[in-house]
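Listed here are the chains, written in short residue letters.
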Amino acid sequence: MADPKISAYYQTRMAHFGAVTNDWLAQAQSASVITTTPPPPSPPPTAATLSDPSHQKPSFSVIDEFNRWRKQPDLAEAVAAIRALAAVIRSSMATTMMQLEIELKSASDSLKSWDTTSISLTAACDLFMRYVTRTAALEYEDFNSAKSRLIERADKFGEISYTARKVIAMLSQDFIFNGCTILVHGFSRVVLEVLKLAAQNKKLFRVLCTEGRPDRTGLRLSNELAKLDVPVKLVIDSAVAYTMDEVDMVFVGADGVVESGGIINMMGTYQIAMVAKSMSKPVYVAAESYKFARLYPLDQKDLAPALRPVDFGVPIPSKVEVECSARDYTPPQYLTLLFTDLGVLTPSVVSDELIQLYL
Amino acid sequence: MDPSRRAPRSAIDPVPKFRQVGFFTPGAPPERSQSGPPDPTHSTPVSDVSQSANSLSPVMIPPPRHLSDNLVINARPTLASPLRADSLAGGGVSSFGDFFPAPMSPATPASSSYSSRMAAGEGSFFERHGGGGDKGNNAGKVASSFPRGGFDLTAMKKVSGIGGGGGSGVGVPASELTTVSVVNDSLAIHEKEKANRGGGSAVEAKDQSTGSKQQKPKTTKAERRALQESQRAAKAAAKAEGNKASGAATSVNAKPAKAAKPTPKVDNAAVAASEKKGGDCPPEKDRKKDVPQPRMQYDDKSRVEKAKRRAVVKQTEARNRVELFRHLPQYEHGSQLPDLESKFFHLDPVHPAVYKVGLQYLSGDICGANARCIAMFQAFQEAIKDYRVPPEKTLVRDLTAKIGSYVSFLNECRPISISMGNAIRFLKSRIAKLPLTLSESEAKVSLQSDIERFISEKIVLANKVIVKHAVTKIRDGDVLLTYGSSSAVEMILLHAHELGKQFRVVVVDSRPKLRGQLLLRRLLEKGLSCEYTHINAVSYIMHEVTRVFLGASSVLSNGTVYSRVGTACVAMVAHAFRVPVIVCCEAYKFHDRVQLDSICSNELGDPDIISNVRGREDVNYLDGWANVENLQLLNLIYDATPSDYVSMIVTDYGMVPPTSVPVIVREYGREQVWI
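Keep in mind that this is a model prediction, so the values were computed, not measured.

A.B. asks: Mind showing me how you'd approach the overall build of chain A here?
C.D. replies: Helix and strand content of chain A: 14 helices and 10 strands. Per-residue burial over chain A gives 60% buried out of 359 residues. Sequence separation of at least 24 residues holds for 76% of the intrachain contacts in chain A that already meet a minimum separation of 6. With the model as given, the accessible surface of chain A reaches about 15000 Å², and the carbon-plus-sulfur share is 57%.

A.B. asks: For this particular structure, what's the right way to read the overall build of chain B?
C.D. replies: Within chain B, the regular secondary structure consists of 25 helices and 11 strands. Here chain B holds 675 residues, and the buried ones make up 56% of them. Here the contacts in chain B between residues at least 6 apart in sequence split such that 80% fall between residues at least 24 apart. When the accessible surface of chain B is summed, it comes to about 27900 Å², and 58% of that surface belongs to carbon and sulfur atoms.

A.B. asks: For this particular structure, what's the right way to read the sheet that holds strand β1 (residues 180-185) of chain A?
C.D. replies: Paired through backbone hydrogen bonds, the strands of a sheet run either parallel or antiparallel to each other. Residues and elements named next belong to chain A. In spatial order, the strands read β3-β2-β1-β4-β7-β9-β10; together these seven strands make up an open sheet with mixed pairing. Across the chains shown, the open sheet's two edge strands, defined by having one partner strand only, are β3 (232-235) and β10 (343-345). Between one strand and the next, the sheet's axes are offset by a mean angle of 25 degrees, whatever the strand orientation. In the sheet, β1 pairs with strand β2 (residues 205-210) via five bridges, with the strands oriented parallel.

A.B. asks: What is the right way to look at the packing of helix α15 (residues 352-363) of chain B against helix α16 (residues 369-385) of chain B in this model?
C.D. replies: When two helices pack together, their arrangement is given by the angle between the helix axes and by the axis-to-axis distance. Residue and element names in this part refer to chain B. Put simply, α15 and α16 touch, their axes get as near as 8 Å, and they point 160 degrees apart. Viewed along their axes, α15 and α16 adopt a mutual orientation that is roughly antiparallel. Between α15 and α16 lies a crossing whose hand is left-handed. Of the residues in α16, those touching α15 at Ala353, Val354, Val357 and Tyr361 are Arg372, Ala375, Met376, Ala379, Phe380, Glu382 and Ala383. Counted by class, the contact of α15 with α16 contains nine nonpolar, no polar and two charged residues.

A.B. asks: Can you help me understand the nonpolar core in this one?
C.D. replies: Note on soluble globular proteins: their nonpolar side chains tend to be buried together. One finds Ile89(A), Phe128(A), Leu183(A), Met244(A) and Val250(A) to be the most contacted residues of the largest nonpolar core, which totals 68 residues. The element contributing the most residues to this core is helix α6 (residues 77-91) of chain A, with 10 residues. In terms of domain composition, this core takes at least three residues from each of domain 1 (43-114 + 118-162) and domain 2 (165-358) of chain A. For Ile89(A), the residues in contact, after removing those within four places along its chain, are Leu100(A), Leu104(A), Phe128(A), Val132(A), Lys147(A), Leu150(A), Ile151(A) and Ala154(A). Within the second largest apolar cluster, 45 residues are counted, among which are Val354(B), Ala375(B), Phe377(B) and Ile384(B).

A.B. asks: Honestly, the pairing of strand β7 (residues 283-286) of chain A in this entry has me stumped. Any pointers?
C.D. replies: Look at any regular strand and the pattern is simple: side chains alternate between the two faces of the sheet. All names here are of chain A. Here β7 shows a buried face lined by Val283 and Val285 and a second buried face lined by Tyr284 and Ala286. Of the strand pairs in this sheet, strand β4 (residues 249-252) and β7 are connected by three bridges, and their pairing is parallel. Across the sheet, the residue bridging to Val250 is Val283, located in β7.

A.B. asks: When you look at the pairing of strand β7 (residues 581-584) of chain B in this model, what are you seeing that I'm missing?
C.D. replies: Residue and element names in this part refer to chain B. Residue alternation in β7 divides its side chains into two sets, Val581 and Val583 and Ile582 and Cys584, and both sets are buried. Two strands pair when backbone bridges link them, and strand β4 (residues 547-551) and β7 are joined in this way by four bridges, in the parallel orientation. Counted as the bridge partner of Gly551 is Cys584 from β7. As defined by bridge partners, β7 adjoins strand β10 (residues 648-651) across three bridges and the pair is classed as parallel. Each bridged residue has a counterpart across the sheet, and for Ile582 the counterpart in β10 is Met648.

A.B. asks: Explain the confidence of the model for chain B to me, please; I cannot follow it from the model alone.
C.D. replies: A low pLDDT means the predicted coordinates there should not be read in detail. All names here are of chain B. Mean pLDDT over chain B works out to 67, with 50% of the residues at or above the 70 mark. Note on residues 101-217: pLDDT under 50 across the span, and 177 contacts to partners over four residues away in sequence or across chains. Note on residues 243-292: pLDDT is under 50 here. Beyond four places in sequence and across chains, it has 85 contacts. For this predicted complex, the interface score ipTM comes out at 0.77, alongside a pTM of 0.67.

A.B. asks: Would you take a moment to explain α16(B) for this structure?
C.D. replies: With 17 residues, α16(B) should reach 24 Å at 1.5 Å per residue; the first-to-last C-alpha distance of 24 Å fits that figure. Along α16(B), 16 of the 17 residues are buried, which leaves the element largely enclosed by surrounding structure.

A.B. asks: What's the story with the pattern of salt bridges in this structure? I'm lost.
C.D. replies: Where side chains of opposite charge bring their charged atoms close, a pairing between them can arise. Residue and element names in this part refer to chain A. For the structure on display, the rule yields 23 salt bridges over all chains. In this structure, Glu159 engages Arg83 in a salt bridge whose closest nitrogen and oxygen atoms are separated by 3.6 Å. Here the residue Glu159 occupies a position in helix α9 (residues 143-171), and Arg83 occupies one in helix α6, the gap between them amounting to 76 residues. A relative accessible area of 16% places Arg83 in the buried class.

A.B. asks: Can you help me understand the sheet that holds strand β9 (residues 638-641) of chain B in this one?
C.D. replies: Residues and elements named next belong to chain B. Here four strands make up an open sheet; going across it, the order is β8-β5-β6-β9 and the pairing mixed. The open sheet is flanked by β8 (590-591) and β9, the only strands paired with a single partner. Pairing of strand β6 (residues 561-564) with β9 involves four bridges; the strand directions are antiparallel. Across the sheet, Tyr562 pairs through a bridge with Ala640, a residue of β9.

A.B. asks: Honestly, unusual backbone geometry in this entry has me stumped. Any pointers?
C.D. replies: Leave glycine aside and you will find that most residues have negative phi; peptide bonds, for their part, are mostly trans. Cis geometry is found at the peptide bond from Arg213(A) to Pro214(A), where omega equals -5 degrees. The residue Pro214(A) is located in the loop between β2 and α11 (217-227) in this model. The phi dihedral of Leu514(B) falls on the positive side, at around 50 degrees, and the residue is not glycine.

A.B. asks: Just to check I follow, could you spell out a nonpolar patch on the surface for this structure?
C.D. replies: Residues and elements named next belong to chain A. On the surface, Phe312, Val314, Ile316, Val320 and Val322 cluster together to form a nonpolar patch covering roughly 400 Å² of accessible area. Within the secondary structure layout, Ile316 lies in the loop between β7 and β8 (327-330). Residue class for Ile316 comes out partly exposed when judged on its relative accessible area of 38%.

A.B. asks: Mind showing me how you'd approach the side chain of Ser172(A) here?
C.D. replies: All names here are of chain A. With respect to the helices, strands and loops of the structure, Ser172 is situated in the loop between α9 and β1. In this structure Ser172 comes out as buried when scored by relative accessible area, which is 0%. Excluding residues that lie within four positions of it along the chain, Ser172 makes contacts with Val194, Phe251 and Phe339.

A.B. asks: What exactly am I supposed to notice about the side chain of Arg430(B) here?
C.D. replies: Residue position: Arg430(B) is located in helix α18 (residues 418-432). Of the polar contacts made by the side chain of Arg430(B), one reaches the side chain of Asp450(B); its length is 2.9 Å.

A.B. asks: Teacher, can you tell me more about α11(A) here?
C.D. replies: Residue pairs spaced three or four apart in an α-helix point in one direction, given the helix's 3.6 residues per turn. Residue and element names in this part refer to chain A. Along α11, the positions that sit buried rather than exposed are Thr217, Gly218, Leu221, Ser222 and Leu225. For α11, the buried positions fall inside an angular range of 135 degrees around the axis, keeping them on one side. Following α11 by one or two positions, Asp229 adopts a phi angle in the positive range, close to 65 degrees.

A.B. asks: What exactly am I supposed to notice about the packing of aromatic side chains here?
C.D. replies: For any pair of aromatic rings, geometry is given as the distance between the ring centres together with the angle between the planes. Residues and elements named next belong to chain B. The tally for this structure, following the rule as stated, stands at 15 aromatic pairs over all chains. Ring plane angle 70 degrees and centroid distance 5.2 Å describe the contact between Phe377 and Phe454, whose orientation is recorded as edge-to-face. In this pair, Phe377 is assigned in helix α16 and Phe454 in helix α19 (residues 440-471), connecting sequence segments 77 residues apart. For the pair Phe377 and Phe454, one class covers both residues: buried. Members of the aromatic cluster, each reached through a chain of ring pairs, are Phe377, Phe380, Tyr406, Phe426, Phe454 and Tyr588.

A.B. asks: How do you make sense of the confidence of the model for chain A when you look at a structure like this?
C.D. replies: Of all residues in chain A, 81% have pLDDT values of 70 or greater, and the mean over the chain is 80. Contacts from residues 18-58 of chain A, a stretch scored under 50 in pLDDT, to residues over four places away or in other chains number 43 contacts.

A.B. asks: So what exactly am I meant to see when it comes to the environment of Asp248(A) here?
C.D. replies: Summarising the element assignment, Asp248(A) is placed in the loop between α12 (240-243) and β4. When neighbours within four sequence positions are excluded, Asp248(A) is seen to be in contact with Phe177(A), Gly179(A), Cys180(A), Thr181(A) and Pro282(A).

A.B. asks: In this structure, what is going on with the environment of Pro297(A)? I would like to understand it.
C.D. replies: With respect to the helices and strands, Pro297(A) occurs in the loop between β7 and β8. Taking the C-alpha atoms as reference points, Pro297(A) and Val258(A), separated by 39 residues in sequence, lie 7.7 Å from one another. For Pro297(A), the contacting residues outside a window of four places in its chain are Val258(A), Asp302(A), Leu303(A), Tyr329(A) and Lys473(B).

What counts and what doesn't
Residues numbered from 1 in each chain as written. Chains lettered and ligands numbered in written order. Predicted model: local features only at pLDDT ≥ 70, side-chain atom pairs only at ≥ 80, totals over all residues. Heavy atoms only, no water. Helix = DSSP H or I, 4+ residues; strand = E, 2+ residues; numbered from the N terminus. Buried < 20%, exposed > 50% of the residue type's maximum accessible area, 1.4 Å probe, protein only. Contact = heavy atoms within 4.5 Å. Areas by Shrake-Rupley, 256 points an atom, 1.4 Å probe, with all protein chains shown as cover. Pairing = 2+ DSSP bridges. Axes fitted to C-alpha atoms, helices over the stretch in contact; angles between N-to-C directions. Parallel < 35°, antiparallel > 145°, perpendicular 65-115°, else oblique. Left-handed = near helix turned anticlockwise from the far one by under 90°. Nonpolar A, V, L, I, M, F, W, Y, C, P; charged D, E, K, R; others polar. Core = buried A, V, L, I, M, F, W, Y, C linked by side-chain atoms within 4.5 Å. Domains from an automatic or database assignment. pLDDT = per-residue confidence, 0-100. Expected span 1.5 Å × (residues − 1). Salt bridge = Lys/Arg side-chain N within 4 Å of Asp/Glu carboxyl O. Patch = residues over 30% accessible without salt bridge, like charges linked within 9 Å, V, L, I, M, F, W, Y side chains within 5 Å. Polar contact = N/O pair within 3.5 Å; in protein donor to acceptor, adjacent residues only side chain to side chain. Arc of directions from axis to C-beta. Phe/Tyr/Trp six-rings, centres within 6.5 Å; stacked < 30°, edge-to-face > 60°.

Next up, the structure:
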């Protein structure tokens, strides 16, 4: 990584929200070199030699595939990973199910290690493995039909993940009523999709955007909304409580949805949710189901921190510490509903879904 | 929309019941099915016995003694083989040492290593009977010196000296170091067993004599059956009319009890009962299936009287019970043990291993949900090993009834816990699912291995998984608080210490059991830095605590944690201080009951223990006041912690919020526990 102080999570966000810079590409390239060369973590030794993708298909790398997908605008990182994993199955030379599974496992491991701080990437890889490899018919079919079945399922999963945003946008329309004021924090493509669809449906609503220091994600969102002719007002992050009176609902995205039903999202979500709760305003979270992760943070410090640079505009004395964490954990009691492609869920259902998906 | 997260889920949950999760493909088979091992018998509806066990009252505590139990008191054709005790002590017990913490073994307080001390504990606990050649002799002496009636404890001690020298080199000296009462208990048990083993011939002789008596009641068998058959038909007709109200239920339950009434209460009662049981089993099941058996309400005078007449353990009820808790049994302690001891030879229906465990429950030698469950299952293993199918009976039905009678015996000794209820349900379903083609010995072997597997998978392995998960929540510099003594929490703390994490432990304890001291001693031996306090100080100590780890007797499906009394208090204080409360509980302890308070289902302990402090004459202000009319003493054993105070439940299926308990019960209650 170029700068140890900045985690891959943040760099990914930069890549998505800004232009794809040269040094980011170089970094991705170097990461792919690092992660594909070591052998898969710990498969049985005999299988490892067979299954290591670098032995069989030196031309194909899951990371390259991943990066190719990522270049598409509007394609979430996790969906890119899902597409890349589907490509792994398609291009696999494995001749048995076991080999294929090991190959897939090592591919997903290398994807996960590409960015360990990204919750959705890890969760999407895990879910892919779960969803694709858990079919009852696998044991009874011959390898080729089983493989085509896997590819079919993988594509389906990719398709579901890709359309998730639209499904969520559709589901959440019932909650946006004419004349409402929505507070939005951070830049979330799902939330943008929701608001876009609401605008297309000729709903009349007003949006308050937080500034989203330090990376000004709120400014970006307000630009997008202004293009749609939605009335937007920018508020600085510290004015949330001040404006909460006129707000009817809070809409946020999520980096990850954890087992307790809480969310991990951009720094500031927690305090906004707390303010909203104390003023009895509903807090809605829009998140695709591939962001559901098997994590259970007990408090804020119970997370792997994702660091980012914080620019104060003036030099900071070296003695002064700066809190650089990019995201926080919002416990479930501050959330009202989660809009996911599985439906509109209460926070407590998240764990049910996770249990059913993973166990 | 209610922003509260505890909002009733059905209100919002858009798709009820069989919601297929995630990305379901229309035609695809349910994804769940392949996670478990393919089980051909799985899809078939659960057979009637397990069904009935399932619909037992939601409380899981089978009603102490109803008809089937009564009828089941049958003569066991063979007595325990002399190998029994040896195999109990030797076979596989050692791996469960963790669940039998030291209370039984203050014998080696200075012992340096945890494991060796554990082994010692086990030794005195499952008294190891060396295969002495003179066993028979000793036992003969014992048997001859105690003709039937009560045991003279002093005499017994004397004999035990002889017996200990010859029979068991390990067990007796170890247990002699324990407190006086325990010595008496354990020696008594010890002697009793030995006597039983040696006196096997005598009892067998008795068996034979009863066998000859069997001829007489046989003549009445047909009549009785006819009578019952007609009653059953009448009942079925009545039920068909749609009379399923509880009134009908009670009448259904009550009538056959009356029908069974003619069972003479004299010596050949057991014989007569055993005669009847064969014919009466199937209707018994039918009845259970239709009507959930109501729990025994101990404030119902007439039923208590009835139950008492049937009971093996003669309990005298404590007089002044607290108003709200009259429906729970509360007994005067101390009187039953000698009485039970004296009955050892008469109790043909109860296997000696089960009997021993029962006595250990009664005397409090075994406590802790896991320890009790393992002890019970090991006793059942012994019983199954020695079990012979009586002629003209099927193993499935006879053994189920027999296990039922053991359970009700254990329930008399101490009300069985929810986790034990689940375990019993598992065993009964295993028995019911035995293929009919299996021979008797094969069936027995399969059941024994099932029990073994339950213990290792659902308790031992489950604990390992819990430890693995929970340790990730311990960071350097943490201050962990625990209450009482939970085997799972202990393992977590020890494992975290082994991993080199730097943390401090606060052990909170409470009178009268002071189990925390045992935990404290084991932690100190391992070199953890600990702090010890009583629950009175919990509000003071909480501000420096970063995590609270609690054990649980059970977790109910609304997320309520049912645990040692005081747990709710600790959890509430922790919640008030915003300290995360982590409950560690194996999934076999989950139950689909919902409980809102600690009143409707609980256990009452000995009220005397709270009214006076042993060894402190100066504070025993209540001496002799226990029976005063206007004083009511309440020694509650469990309490219910609402799920709002619980941050997380660590179970073998991972870390879940308390709201997910019903999901685990629903998804795994049947399939996994009943594999």
